[in-house]
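Survey of secondary and tertiary structure
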Amino acid sequence: MTAYGIDLGTTNSCIAYIDESGRAVVARNVLGKETTPSVVYFERAGRVVIGEAAKNSALLVPHLVIQSIKRQMGRPDVEYVFHGERFTPEKISALLLRRLAEDAERRTGEPVREVVITVPAYFGVPERTATRRAGEIAGLNVVDLLDEPVAAALARLARQPAWGERHLLVYDLGGGTFDTTVIEASGQDIRVVCTDGDLRLGGTDWDERIIAFLTAAFTEQTGLDPTADEHFMQEVRITAEQLKKELSSTVSRHRNLRFAGAVARVELSRQRLEELTADLLDRTMEITARTVEKARAAGVDRIDEVLLVGGMTKMPVIAERLEELLGLRPHRHERDLAVARGAALFALTRQARTAGGRSDGGAEEVADRLGITAAEGDALVARRVAGVLPPGHRDEDRRPQGSAGDDRSAAGAKLHPPSAPGGHPAADQHRSDHHRHRSGQPARGRDRDLGTEESGQLDRTGRQHPGGLRPASRLAPGAAEGHSPPARDLHGRDRSADRARQRTDVGQGDAVRAADRRHGRRRRGGRPRVRGRYRTTL
């Protein structure tokens with residue numbers, strides 16, 4: 001049976017499998033792309049559209065399109081109603097998972113049954129339980145949940161095994177969540193030393209800043225306020241995401257915005273984008289420094305490599321700031337695909353270990369299929385992947401991640417809810433996403449298992465370093481737990497002057513702040529709007 005790993009992302013998702021040569025391969029979707037937008041369009045009763053087409057449909061029918069559902073996982077107060085039917089975040093995520101499985105089935109010619117799904121390292125028990133439930137609704141057997149930074153490290157070690165003991169720092173900034181993790185690697189074994197993060201910090205927040213900038217510029221040039229128009233705002237949202245991506249490879253871009261017969265030409269530079277989002281990036285650096293300080297307190301005196309994970313890390317300023325902070329140039333390989341590949345590799349380990357426990361030569365069968373020796377198969381079975389206890393766990397819930405060889409409590413670290421400003425879910429409920437409906441209580445009645453057919457119809461089923469590495473970053477003490485002076489790096493050098501940015505007056509600063517305040521009031525509203533039979537929050 002083929003081993004599958006799924007990266008269920010906030011913005012994009014993908015699925016990988018282990019081919020006959022033992023390599024982790026990403027299964028392309030029907031459009032031939034390696035990733036699928038995590039967007040669902042509820043076209044009509046019993047029919048959904050998923051992926052790129054759904055994303056494009058948001059321009060015409062934004063009230064029927066769901067995006068960034070990952071941010072709502074584990075929240076019983078969130079539900080959506082489309083065409084008279086209620087949908088929880090788990091049901092919507094199940095639709096995404098089912099589509100990914102179908103794409104993989106087309107590529108491999110085999111049914112997808114057992115999968116490993118990745119989750120942010122800072123996901124707590126409710127979010128993890130909801131993710132597992134989504135897999136079950138999709139008709140999948142979720143053999144395990146794997147932390148995204150661990151998956152990325154597994155993919156990295158598959159390409160460059162750790163000879164001796166190495167410590168990796170994984171900086172994972174995705175579309176909706178952020179976490180940073182210090183991992184100890186020895187051979188093929190992995191142990192999470194510590195992790196930290198913010199479940200309400202990601203690329204979506206960068207998009208919001210660009211949206212505020214664009215709408216403010218439009219208002220300044222035309223005198224019109226288009227923020228109440230759904231279609232204009234959805235178009236601006238798509239434009240903001242495009243600009244963010246383009247500014248990772250160019251220094252300036254412009255767009256023409258149209259509304260009510262008026263046209264405004266707006267230019268956004270990479271420097272201006274960095275200014276608009278400086279506080280967001282600062283938050284990630286503070287969390288990173290805090291994580292490194294936790295690792296130092298746990299006995300880790302050096303970081304050997306920095307891995308960048310997530311599409312947001314393509315912004316050049318992120319690598320620059322991390323190099324400034326840690327003294328190491330980050331590794332930039334496969335930032336969009338590494339997590340899915342690592343999940344597939346972990347699924348193979350689980351599969352080999354399960355087969356190894358049989359008395360009918362199952363481990364040898366796996367080794368033969370992959371073209372490896374029995375000794376290599378035994379090494380695969382013996383691989384250890386140790387994580388940390390998720391936030392909100394109970395002591396009686398301590399259990400291994402995977403099976404006997406994987407000990408989630410081995411890292412000796414216990415996580416707590418985020419303490420960074422805006423990082424605690426309870427303090428962040430006012431930040432409504434565009435299409436969220438918040439009810440006062442969970443939907444009544446039992447959930448109906450959903451799946452998607454190919455046509456989109458809903459059914460009722462359900463310390464020795466290899467040559468070539470840069471000198472390791474030596475960790476310096478000084479930062480207190482939970483607080484890291486943002487203007488000082490881990491070598492003790494004052495970086496205030498280096499990090500100071502000259503803010504260019506483009507004549508739009510006041511307007512941007514005014515627009516941001518307007519959006520803040522709209523987000524805090526959170527009251528459902530009734531559109532015929534469909535309830536949504538805009």
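Our subject is the structure listed above.
Residues numbered from 1 in each chain as written. Predicted model: local features only at pLDDT ≥ 70, side-chain atom pairs only at ≥ 80, totals over all residues. Heavy atoms only, no water.

Brief notes about the overall build of the chain
- Scanning the chain from terminus to terminus reveals 14 helices and 24 strands.
- For the chain, buried positions account for 56% of its 538 residues.
- Summed over its atoms, the accessible surface of the chain is roughly 22,300 Å², and 47% of this surface lies on carbon and sulfur atoms. (Helix = DSSP H or I, 4+ residues; strand = E, 2+ residues; numbered from the N terminus. Buried < 20%, exposed > 50% of the residue type's maximum accessible area, 1.4 Å probe, protein only. Areas by Shrake-Rupley, 256 points an atom, 1.4 Å probe, with all protein chains shown as cover.)

As for helix H5 (residues 203-222)
- Relative to the 28 Å expected for 20 residues at 1.5 Å per residue, H5 spans 29 Å between its end C-alpha atoms, a close match to the ideal helical length.
- Glycine 223 sits one or two positions beyond H5 and adopts a positive phi of about 80 degrees. (Expected span 1.5 Å × (residues − 1).)

Focus: empty space enclosed by the protein
- Quantified by volume, the largest cavity comes out at close to 110 Å³.
- Around the largest cavity, the lining residues are Ala152, Ala155, Arg156, Arg159, Leu307, Leu308, Val309, His331, His333, Glu334, Arg335 and Ala338.
- Breaking the lining of the largest cavity down by element, the ones donating at least two residues are helix H4 (148-159) and strand E18 (305-309).
- It is H4 that contributes the most residues to the lining of the largest cavity, four residues altogether.
- For the lining of the largest cavity, the per-class residue count stands at six nonpolar, two polar and four charged. (1 Å grid on protein atoms, 1.4 Å probe; cavity = no way out; pocket = protein on both sides within 12 Å on 5 of 7 lines; lining within 4 Å. Points joined across faces, edges and corners; volume = space filled by probe spheres on them. Nonpolar A, V, L, I, M, F, W, Y, C, P; charged D, E, K, R; others polar.)

Description of the packing of aromatic side chains
- Overall, the coordinates contain nine aromatic pairs when judged by the stated rule.
- Ring centres of phenylalanine 42 and phenylalanine 87 lie 4.6 Å apart, and the angle between their planes is 55 degrees; this geometry places the pair in the tilted category. Highlighted residues: phenylalanine 42 in strand E5 (residues 39-44) and phenylalanine 87 in strand E9 (residues 85-87), separated in sequence by 45 residues.
- For phenylalanine 42, a relative accessible area of 2% puts it in the buried group.
- When its relative accessible area of 2% is taken as the criterion, phenylalanine 87 is described as buried.
- Relative to phenylalanine 259, the ring of phenylalanine 218 has its centre 6.3 Å away and its plane inclined at 75 degrees; by these criteria the two rings are edge-to-face. Here phenylalanine 259 lies in strand E15 (residues 252-259) and phenylalanine 218 lies in helix H5, a separation of 41 residues in the sequence.
- Overall, the relative accessible area of 0% leaves phenylalanine 218 in the buried class.
- Grouped by ring-pair contacts, the aromatic residues Phe42, Tyr80, Phe82 and Phe87 constitute a single cluster. (Phe/Tyr/Trp six-rings, centres within 6.5 Å; stacked < 30°, edge-to-face > 60°.)

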